[in-house]
Structure formats: C-alpha cells, structure tokens
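Each chain is listed here by its residues.
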Amino acid sequence: MADAPMDPGEYAIQELGPEIRSIEDVDALRAILEAEEAGENRAGAKTIIESRIEKFTEDEESTGEIDPSEMTAAEVGNALQDVDDPEELERIRAAEEEGKNRDSVLTLVDNRLDSVRGSDAEAAEVVPPEEKHPDLDHPTADKRHVRALEEGTYADMWVYCETQAGDLIDVSLEMLGKARELMDDYNETYDADEKVVAVLVGDGVATHAETCIEHGADVVVHHEDPRLDRFRHEPYTRVFCDMARWGGDPGAGNPDPAAWRDYDEPRYVLFPATPNGRDLSAQVQAELDSGLASDCSGLYIENAVISNPAKTGGEDREFERVLHMKRPDFSGFEYSTILCLDNPSREFHPQGASVIPGSFEVPDPEPEREGEVVEHEFELDEEWFRVEVEAFDRLEGGVDLTGHEVIVALGRGIGDDPTRGMELGLELVDAFEDAALGISRGIVTSSYEFEGHVEEYAAEERQIGETGQEVEPDLYVAAGISGAIQHKVGMDESDTIVAVNTDPEADVRDFSDYFIEGDLFEVLPRLVEALEAGKLDAAAVADGGETG
Amino acid sequence: MTERERYEAVVVGAGPGGAAAAAALARNGVETLVLERGVETGSKNVSGGLLYAEASAPYAIDDLFPEFREAAAERPVTDYYLHNLAGDRVKTFDITDLHEHDTEWSDAVLRRKMDSWLAERVHELTRETGGGLLTGVRVNGLLREDGEIVGVTCDELDPIEADFVVAADGVNSELARDAGLMDWEEPEEWFQGVKAVVDMPEGAVDDRFDLDDGEGEAHLFSGDLFEGVRGGGFLYTNEDTLSIGTVFHLDSLVAEEAEPHELLDALLTHPLLARWLDDGYEELEYAAKLVPDSKKVAHPSPHRGRLALVGDAAGQMQAQGPIIKGMNHAVTAGALAAEAFVEARSRSDPDAAGALYERKLREEGVMEKLRPRRYRAVRTLAEHDPVTDVLDAVLDSPVGRFGVRALGDDLERLYGSPFLSMMVPDTRTPYVTLPTVIAEELGDPVETKNGVTPPDLADRIGSLTYDVDVGNPHIELVDDAVGASGDAVTACPVSARDFGGGCYREETVRTNGEERRVVSLDTQPCVECGTCAVVADTDWEHPRGGKGVEFRQG
C-alpha cells in the first residue's frame with residue numbers, strides 16, 4: 001500500500017474534491033481513503049474519494065480483456081463495440097462457449113465478427129428467401145427463372161443494331177461509334193483484346209453487316225428469318241439470348257465452341273432506347289438474370305471503389321472494368337450514374353444499358369475497316385409467334401432531303417406569287433435526275449396560301465436550316481433566299497451553291513459559288529430550259545445570266 | 001389526392017428582385033425554392049445597365065450580397081452627362097449632381113454575369129433551408145384550390161405548393177397576369193429599350209473616356225436623331241465593353257412606325273459617338289426589353305392572396321426624368337416582401353404577408369418614388385396634345401429660342417433638379433423639341449466623322465444563341481389582320497418592314513381573286529421582350545424552361 005500523498009483530515013469536505021483532482025493513482029487514492037477512515041471517517045469525504053477511485057479503476061478494466069462470464073449480455077454488447085480485432089473476438093467467443101454459453105452473447109460476438117471482417121464471399125452463405133423465411137408467403141416461389149452464371153467468363157461489348165422497315169436507324173450507328181471508342185480505351189487500359197459485336201436480327205438484315213463494320217464493329221452476328229420482318233417481343237428475345245449464350249444452357253454457361261469468341265456471355269450490352277429497344281432490353285437482361293440501366297445518355301468504363309452493404313459488406317472494394325451508365329433524372333435536372341456490380345454471391349453480367357437516340361454522334365464510316373460476319377443458327381419455335389399482328393400503320397416519316405445530288409430550295413422570294421414560285425421550283429427539280437425541293441423557314445412560318453397541288457411542299461418537313469434538315473448535295477440552288485445564318489448552317493457544306501436573288505446585297509451571296517442577280521420568276525424557267533437543252537453544267541447556266 | 005411538393009416560399013425568377021427576396025427569406029430560416037426559367041440564371045435577363053444603391057432605401061443589393069460590387073458589377077458611374085443633339089450640333093450638360101442625388105453608389109452591370117453570380121449565393125443560402133435554386137424550370141401559372149392561390153404550376157415539374165409565392169418573373173410576368181394584377185393592353189404604359197453590348201479593345205475604355213481605376217461614365221442622348229420618337233439614348237462604360245442603347249415610349253414608337261434597330265443605329269453612327277467608337281466596331285450582343293413605366297403601372301397593391309409581385313412584374317421601374325431606376329427598386333421590394341412574410345409567419349398569420357408588404361412599400365417611400373404625386377398633378381394638364389403643341393410652338397418660336405439662350409447654363413441646373421425631373425411630362429416637348437432647340441441655340445458642331453457600320457438585323461439575330469423549341473412556338477398570333485397585329489412588324493425589335501428573317505412579316509395573300517394584307521409570325525428569332533404582346537393580338541407566353549433565346553451579356 002502506497003503512502004497517502006496527503007492527509008484528508010486537513011481539509012474540509014468541500015476542499016477535498018479540488019485537492020484530490022490531480023491524483024490519478026488508484027493506490028494513492030486508496031491510501032487516502034484509509035487515512036480518512038482511520039481519521040475523521042466523514043461519510044461525505046469517503047464518497048468523494050471512493051468515486052475518484054472508481055473512476056480510475058473502471059478505466060483500467062475497460063482497457064483490459066473482456067471476460068464475458070462476469071458480464072450481462074448487454075454489457076458484452078457494449079464492450080464489443082470497442083473491439084475490432086477478429087482474434088480477440090474469437091477468444092471472447094471461445095470464453096463464452098466454455099463458460100455460460102449464452103446464445104444471445106454468441107450472436108452478439110458473431111455479429112461483431114461479421115461487421116469487422118466484412119461479409120467475405122466464403123463467409124456469406126446464400127439461403128434462398130423461401131428457406132430463410134419459411135413463415136412468409138412466397139408468391140413467386142413457383143416461378144422458374146434462369147439464374148445468373150456462377151464464375152462465368154465475360155468479354156466484348158455487344159450492340160443491338162435496330163432496323164426499322166429494313167433500314168438501320170441512326171441510333172444503332174451512334175452506339176457502334178461509342179462502343180468502338182469505349183473498347184479502344186478499354187483494350188489499352190486493361191491490355192486486352194476485346195471486341196465490339198454488332199447484333200442484327202430481322203428479315204434480310206445481313207445486308208447491313210458492312211455498314212456496321214464501317215462504323216466500328218469487329219464482329220457482326222446476324223439472324224435472319226422472314227417471320228422476323230417486324231419486331232416481335234418473344235422471338236427477338238429468344239434469339240438475342242441464344243446469341244449471347246451461343247448455344248450454352250441457360251444459367252450454366254457452356255457455349256458451343258466458336259472461333260470468334262471464348263466466353264460464356266457478353267461483358268457489356270447496349271440497346272437503343274427506342275420503343276422496341278426498350279422492350280427487348282428489359283426482357284433480355286431479365287432472361288440473362290442481370291440488370292439494366294435504361295435511357296442512358298453517357299457511358300464510360302473505369303474501375304470503381306465502392307462500399308455497400310450488399311455488394312461489399314460495407315467495406316471499400318475496387319471493382320474493375322465497370323461500365324458507368326449516366327442517365328438523366330427528373331427531366332434532366334439531375335443525372336444518376338448507374339453501376340451494375342456483381343454481388344458476393346451473384347454475378348450481374350452482362351452490364352447492360354439502353355441509350356437515348358442522339359446522345360452520341362454518328363461516327364464517320366471507315367470503308368477500309370475489316371470485320372467478321374457470323375450467322376447465328378437457331379431453331380425458332382412456332383409457339384413464339386402465337387401472337388398475330390393483324391394490322392400495322394407506319395406513321396408518316398416525313399421527307400428526307402439528304403442524299404440527293406441536287407436540292408432546289410425556295411425562300412420568301414416567291415412571296416409575290418407563292419403557288420407559281422413553288423411550281424417553278426418543282427419544275428427545276430424535275431429537270432434534274434436526282435433532286436428534291438427544300439424551303440426556308442420563312443416559307444414554313446409564312447401565311448402564304450398555296451393552292452392544293454403544291455401545298456404539301458410548304459410543310460415544315462422540307463425546311464432546311466438550323467431547326468430543319470441539314471443537307472450537303474453536289475448542287476444547291478437557293479432561289480429567293482436571303483441567306484440568314486440559320487439557313488446557312490443547313491446547307492453551306494454543299495459542293496456548289498447557286499443563288500438567285502433580286503437583292504445583290506443579300507447575305508447568301510457571301511457563301512455562294514455563283515450568284516445570279518434576278519427575279520426567280522424569270523431565272524428559274526431559264527434554268528429549266530438550259531437543263532432540258534442539255535447544258536447540265538451549273539457553271540454554264542450561271543455564265544449565261546448576270547453573274548456576280 | 002396525391003401529396004404535392006411543398007415549400008414555405010417559392011420565388012419565381014432569379015433576377016435581382018427574386019434574389020433579394022430569396023436571400024432575405026433564407027436568412028430568416030424560411031424554406032425557399034427558387035425557380036428560374038433560363039438555362040443558367042441571367043441568360044434571360046437584359047437591362048439598360050445601371051444599378052443604383054439609394055441612400056434612402058431600406059435595402060441595397062450589397063446589404064444582401066456583401067461582395068456584390070467587386071464580384072458582379074462592372075464600373076461605377078462617377079460622371080453623368082446629358083447630350084442635347086440637333087443635326088451635328090451638341091450641347092452637353094453635366095448631370096452628375098442629379099445622378100448623385102440620394103445615391104450611395106451606382107454601377108454599370110451586365111446581367112448574365114451579375115445574375116449568375118447572385119444565383120450561386122442564392123442557391124447556397126436557400127439550400128441551407130431545405131430549398132434551393134433550380135434553373136430551366138418555367139412557372140406557367142398559379143396553383144389554385146377553391147379559388148385560392150396555393151402555389152405554382154410549371155412546364156417541367158409537378159405543381160408545387162407554398163405559403164408564399166414571390167413573382168419576380170419580370171416585365172412579362174405570367175403570374176401577375178394570371179392573378180389579374182397586370183395586363184399588356186396599353187402601349188402608353190411601356191417603354192421599349194434596345195441595347196448593343198460593344199466590344200472594346202484592351203485599354204480602350206480607359207483611354208477613350210479618360211478614366212482611372214474605379215471610374216466610369218454614363219451618357220444620355222436626346223434631340224432630333226430619333227425621327228421624332230419620344231425617348232433617348234444611353235451609353236454606359238463596363239469593364240471592357242460599352243452598353244449603348246435607346247429607350248422609347250412604346251406608343252410613340254408605334255405611332256411613328258419607327259424601327260427600333262434603326263434608331264439604335266442612328267445613335268451608334270452619330271458623329272458624337274465617334275469620340276468613343278472607331279471603324280473596328282464590334283457588337284457582342286443585340287438585346288431588347290420592355291420596360292414598365294412605374295408612374296402609370298406600378299401596382300399600388302401588388303399582391304393577391306399568397307402571391308406578391310416584385311420588380312418589373314409589379315411595374316416597379318422608375319423613370320426619374322432621364323435617369324432610369326429599376327433593379328434597385330426590385331431589390332428593395334424583394335427584401336420587403338420577404339420581411340413581410342417573415343413577420344406575418346411569426347404572428348402565425350402568413351396570409352397577412354401581402355398586406356404587410358404593401359404597407360412596407362408605402363412606409364419605406366418606395367411607392368412615392370414609383371408613382372410620385374407631383375407627376376400625377378402635372379400629367380393632367382401637360383399631356384394633352386394641344387398643350388404640347390402650344391409648348392412646342394412657343395419653344396420653337398423666336399421668343400422661346402430667346403428664352404433658351406437667356407437661360408443658357410442655368411438650363412443645366414434645371415436639368416439637374418431631382419424635383420423637376422420627377423414631373424417631366426411624357427410628351428415630345430422634353431424628349432425632342434427642347435433638346436433640339438437647346439442644341440441648335442447653344443450647341444457646337446461636332447466635326448468628327450463616325451466610321452461605325454452596325455451589323456444589319458439578320459446578322460444581329462444570327463449572332464444570338466437560341467435553343468428553339470421546334471414545333472412548340474411560345475407566341476400565337478390570334479388575329480393576323482394587319483389592322484390588329486401589323487404594328488408588330490415595325491415595333492418588334494427583331495422584325496422590320498421588308499425583312500423576311502424576323503418574327504413579324506407583312507404579307508399579301510390572294511384567295512379567290514381577293515387580296516388581303518396579313519401578318520405572319522415566326523417565333524424563332526424572338527428575344528422575348530413582350531412588345532408584340534402589347535401592340536399585336538397574340539397569346540403570349542414565355543418559352544419552356546431552357547428554351548428560346550440565351551443572352552450571353554445581358
């Protein structure tokens with residue numbers, strides 16, 4: 001026993017507290033307590049000293065080892081919160097088992113162990129919900145669905161290239177361009193050699209294979225069948241999924257051997273967020289037991305460090321090669337980035353997205369690109385066609401002014417006699433082999449009253465310019481168009497531009513190759529005449545007029 | 001019924017009035033949501049460009065946003081001149097004294113920069129209260145339940161409920177019209193301003209105006225250069241640009257069938273301007289705006305139910321003689337509206353906010369500035385045409401001209417009187433006749449040649465940025481007869497006679513041998529000024545959030 005560092009008898013009770021505040025040594029405090037007991041033995045004084053002894057005794061205990069046998073379950077629970085060494089927790093668990101072996105305490109220790117270790121794959125035991133909660137109703141228990149692969153192998157980015165009425169739609173090419181860019185980066189970052197795979201399903205769609213390759217595909221897989229001429233929910237899904245598995249068994253991943261692929265299922269898949277593409281994407285991804293980020297407008301691939309209770313047991317873990325799928329929320333006020341990550345007990349592949357048309361640029365075609373075209377063979381069950389499409393209607397697609405050799409465009413110069421002006425424009429169109437009629441926005445928004453036979457040509461679908469179509473024909477004839485910047489951006493890539501205008505100061509003159517100062521009502525008939533006389537050269541026509 | 005999104009206060013529009021209201025609400029812990037239709041705050045906002053802080057006002061913008069002047073403003077106005085023009089003769093008055101009357105400070109501003117800076121502060125403040133600022137959202141009307149205003153409806157979001165709605169949605173306020181508080185009927189109640197922001201070479205503003213650090217100038221122009229249209233021109237110095245514009249009474253613009261862009265050009269190419277502009281004239285932005293004349297339209301009771309109007313939405317734009325003050329009143333009104341709501345809420349009677357706001361406007365002297373009693377007294381006499389004609393005739397006569405000569409420099413003092421300037425009648429006498437006579441009798445000719453070539457209207461429209469809402473025009477022409485809507489062809493700042501690239505065009509339609517003159521409309525070049533809502537027969541709305549014109553300077 002240490003000597004008391006002070007004599008409590010020399011202090012009044014109220015003085016004692018402050019005096020012993022500097023003493024932390026329990027033995028010294030005990031000596032003071034004994035001195036008090038031996039001396040004045042004041043109850044108040046003893047309480048002060050005892051509480052100080054208690055304070056420091058507790059401190060010592062809490063840093064010591066936990067002995068569950070002397071603690072209630074609640075006390076063990078509290079004490080465990082400070083322990084994060086799994087070995088120490090194992091020791092406590094063993095001590096409890098040897099001692100009182102209380103279930104409640106063992107559960108507490110196990111829970112703490114789980115949270116300290118994280119739910120390692122080996123530790124996590126997957127129990128189907130039906131077994132885990134037998135007391136609950138399981139209305140989906142009888143449903144059969146294909147389970148995700150276990151330890152599957154995945155590679156490549158697949159792009160579903162949609163066709164409509166036999167034509168490849170733009171978003172298909174936009175996705176191929178983006179996929180090419182993503183996989184080029186991917187192959188460099190991960191030192192890999194994975195491909196962009198274009199998927200074509202329909203009737204007579206294989207003719208688009210070359211276009212797909214020119215726009216970025218390494219491989220084109222196609223399936224043709226006359227019964228697939230229009231999008232049909234079930235057969236399209238069956239075909240796509242069988243392509244993805246390549247003859248493998250659902251959920252098992254034993255694909256038929258193929259020279260062009262050595263994996264169970266695609267790593268990534270992209271669908272267009274069109275009505276048909278949305279339909280197909282949802283069903284395919286459900287069938288492959290993965291997830292889908294719908295209506296995305298941005299994509300990139302990188303590693304991601306994630307901490308999540310379900311995916312990583314709450315610990316930071318790095319996932320590699322994650323497709324980051326950005327999608328607009330709340331009408332585009334916010335963006336979410338969706339990640340499709342494997343669970344410890346379940347694989348989420350392919351990582352899939354549907355892509356909003358127009359989100360990416362159509363890439364420039366590279367005619368020299370080479371690729372492999374693979375035909376998919378698969379028996380289609382007549383049962384999948386049991387829904388019969390009795391009638392369908394194709395909405396007016398509008399007028400496509402692109403792809404013509406010549407565009408004759410009319411502006412407000414026809415205002416003096418709009419119907420006659422339109423007729424003259426159409427006559428000039430007819431004089432060329434492959435020409436179409438375009439109009440300026442000034443006509444679309446005018447109050448001109450056209451006679452019935454030319455009225456259809458004054459509609460917005462023929463508007464050229466910033467808010468209309470952009471054209472770049474070999475020859476562009478701008479008749480009675482002043483050439484506002486909004487019009488110019490729709491046509492100034494044309495090879496040769498011939499302008500007809502009464503106003504020699506009109507802006508159009510600045511970006512015309514030939515400028516004919518004159519009234520279109522006189523000039524257009526002369527152009528028609530010249531063309532019919534065989535002078536097809538626009539330059540020759542221009543030379544004949546008053547040129548500038 | 002489904003649960004609606006709900007905030008204590010919703011502020012519509014994030015200009016200075018909305019920003020002031022939102023900041024004051026948020027600082028008092030009111031959960032405040034601010035909705036702004038521009039793609040970024042400031043992208044829809046245009047002003048002449050002078051912001052005042054008045055000594056007598058309870059709030060100035062830097063009271064609410066302390067770093068405002070350093071961060072968001074251009075140059076202060078340290079000298080103010082009024083130029084009377086007649087041909088190439090100029091008589092200049094220094095009206096700095098009038099400018100400095102009741103002025104703590106006054107800075108030139110460009111609204112894109114200013115409002116986007118304010119918006120960041122407002123977002124920070126309001127977010128703390130559980131609200132925030134959303135851009136790209138157009139509020140299209142009031143949400144009502146059993147006839148009572150309970151919130152707002154939007155193009156982009158579901159209806160939102162609020163205990164207090166601040167309509168700071170500008171001169172063309174759709175909320176003020178929905179509530180029946182304002183209308184777009186009478187051209188006499190409006191001014192129309194157009195403005196060019198002019199790029200200046202580095203150092204040129206300092207050199208050509210002979211300015212040091214912390215100095216800037218304002219110039220006003222009146223006289224015979226505007227084809228007899230009542231109004232005038234202005235020039236303000238920004239950091240590296242100039243704001244040059246013209247402001248006219250809309251009724252006079254319509255009556256003279258004047259083209260606003262040509263009147264602006266008349267100013268830009270006047271010999272006097274050659275002092276500051278050279279052949280390398282480069283216009284960064286052409287913009288236009290309708291300006292309410294508070295003397296006539298400032299609403300004396302700008303509230304209804306839970307709705308309070310502030311700033312231009314309530315017509316709170318004061319033309320104090322030649323000096324125009326709008327933004328400062330919007331700031332004061334916004335903060336007073338916020339104060340009123342906070343007080344009403346603390347008395348557990350939030351519905352009393354409107355009446356309290358009205359009382360504050362009156363007690364703080366705002367309403368007297370906006371609708372001065374002196375003007376009301378003069379107006380009855382002076383704005384009759386016969387009186388104007390007599391005054392003009394006298395002024396123009398040898399007697400009148402003698403008077404002008406005799407007064408000489410005393411005229412400068414008279415022009416500098418804040419009391420006189422508050423009672424200037426809206427006739428051509430003070431705007432046109434008097435300045436012209438002054439310049440003719442007292443002015444000296446300007447010798448300099450002006451080499452400025454302003455861009456034509458097509459190029460001005462072409463250099464603006466638009467996000468066109470294709471297939472969804474925001475203005476509909478109700479009556480296309482020239483008699484009903486023809487005034488818009490000239491009065492619209494982006495339309496002109498014989499110009500096919502503007503909003504309004506006059507056309508001849510022949511049907512069954514009959515010929516009719518009609519007006520057609522293309523909303524693509526629209527700068528959303530609202531002129532046609534007043535002078536033509538239209539259904540006028542703002543474009544949807546983020547759509548339409550986007551001003552880069554403002």
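Residues numbered from 1 in each chain as written. Chains lettered and ligands numbered in written order. Predicted model: local features only at pLDDT ≥ 70, side-chain atom pairs only at ≥ 80, totals over all residues. Heavy atoms only, no water.

Quick look at the overall build of chain A
Line of reasoning, step 1. Regarding its fold elements, chain A presents 18 helices and 17 strands.
Line of reasoning, step 2. For chain A, whose C-alpha radius of gyration is 40 Å, the value lies well above the compact-globule estimate of 24 Å for 548 residues.
Line of reasoning, step 3. For chain A, the spread of C-alpha atoms along the principal axes amounts to about 135 × 65 × 45 Å.
Line of reasoning, step 4. Burial status across chain A gives 45% buried among its 548 residues.
Line of reasoning, step 5. Surface exposure of chain A reaches about 28,800 Å², of which carbon and sulfur atoms provide 42%.
Line of reasoning, step 6. Counting 44 positive and 134 negative side-chain charges, chain A places the averaged centre of each group 5 Å from the other. (Helix = DSSP H or I, 4+ residues; strand = E, 2+ residues; numbered from the N terminus. Rg over C-alpha atoms; globule rule 2.2 N^0.38 Å. Buried < 20%, exposed > 50% of the residue type's maximum accessible area, 1.4 Å probe, protein only. Areas by Shrake-Rupley, 256 points an atom, 1.4 Å probe, with all protein chains shown as cover. Lys, Arg positive; Asp, Glu negative; His and termini not counted. Charge placed at Lys NZ, Arg CZ, Asp CG, Glu CD.)

Overview of the packing of helix α1 (residues 16–27) of chain B against helix α5 (residues 111–127) of chain B
Relative placement of two packed helices is described by the angle separating their axes and the distance separating the axes.
Residues and elements named next belong to chain B.
Line of reasoning, step 1. With their axes 9 Å apart at the nearest point, α1 and α5 run at an angle of 20° to one another. Considered as vectors, α1 and α5 are oriented roughly parallel to each other. You can see that α1 and α5 cross each other, and the crossing is left-handed. Contact residues: Pro-16, Ala-19, Ala-22, Ala-23, Ala-26 and Arg-27 in α1; Arg-111, Met-114, Asp-115, Leu-118, Val-122, Leu-125 and Thr-126 in α5.
Line of reasoning, step 2. A class-by-class count of the residues in the contact of α1 with α5 yields nine nonpolar, one polar and three charged. (Axes fitted to C-alpha atoms, helices over the stretch in contact; angles between N-to-C directions. Parallel < 35°, antiparallel > 145°, perpendicular 65-115°, else oblique. Left-handed = near helix turned anticlockwise from the far one by under 90°. Contact = heavy atoms within 4.5 Å. Nonpolar A, V, L, I, M, F, W, Y, C, P; charged D, E, K, R; others polar.)

Comments concerning the environment of Leu-176 of chain A
All names here are of chain A.
Line of reasoning, step 1. Note on placement: Leu-176 falls in helix α8 (residues 170–189).
Line of reasoning, step 2. A relative accessible area of 0% places Leu-176 in the buried class.
Line of reasoning, step 3. Taking C-alpha positions, Leu-176 is 6.6 Å from Val-159, a pair spaced 17 residues apart along the chain.
Line of reasoning, step 4. Setting aside its immediate chain neighbours within four residues, Leu-176 contacts Val-159, Cys-161, Val-196, Ala-198, Cys-212, His-215 and Ala-217.

Comments concerning the nonpolar core
Residue and element names in this part refer to chain B.
Line of reasoning, step 1. Leu-242, Ile-244, Leu-273, Leu-277, Tyr-504 and Val-527 are the most contacted members of the largest nonpolar core, which totals 70 residues.
Line of reasoning, step 2. A domain split of this core shows at least three residues from each of domain 2 (76–104 + 184–294 + 377–463) and domain 3 (467–550).
Line of reasoning, step 3. Apart from residues lying up to four places away in sequence, Leu-273 is in contact with Phe-221, Leu-235, Ile-244, Leu-267, Leu-268 and Asn-450.
Line of reasoning, step 4. Core analysis: the next-biggest nonpolar cluster, separate from the first, contains 54 residues, Ala-19, Val-122, Ala-338 and Phe-341 among them. (Core = buried A, V, L, I, M, F, W, Y, C linked by side-chain atoms within 4.5 Å. Domains from an automatic or database assignment.)

A word on unusual backbone geometry
Line of reasoning, step 1. Residue Pro-350 of chain A is bonded to the preceding His-349 of chain A through a cis peptide linkage, with omega at -5°.
Line of reasoning, step 2. Here Pro-350 of chain A shows up in the loop between β10 (334–338) and β11 (351–355).
Line of reasoning, step 3. Its identity is not glycine, yet Asn-41 of chain A carries a phi of approximately 55°, on the positive side.
Line of reasoning, step 4. Residue placement: Asn-41 of chain A occurs in the loop between α2 (26–38) and α3 (43–63).
Line of reasoning, step 5. Residue class for Asn-41 of chain A comes out partly exposed when judged on its relative accessible area of 37%.
Line of reasoning, step 6. For Glu-528 of chain B, which is not glycine, the phi dihedral falls at a positive 60°.
Line of reasoning, step 7. The topology assignment puts Glu-528 of chain B in the loop between β24 (514–521) and α23 (531–535).

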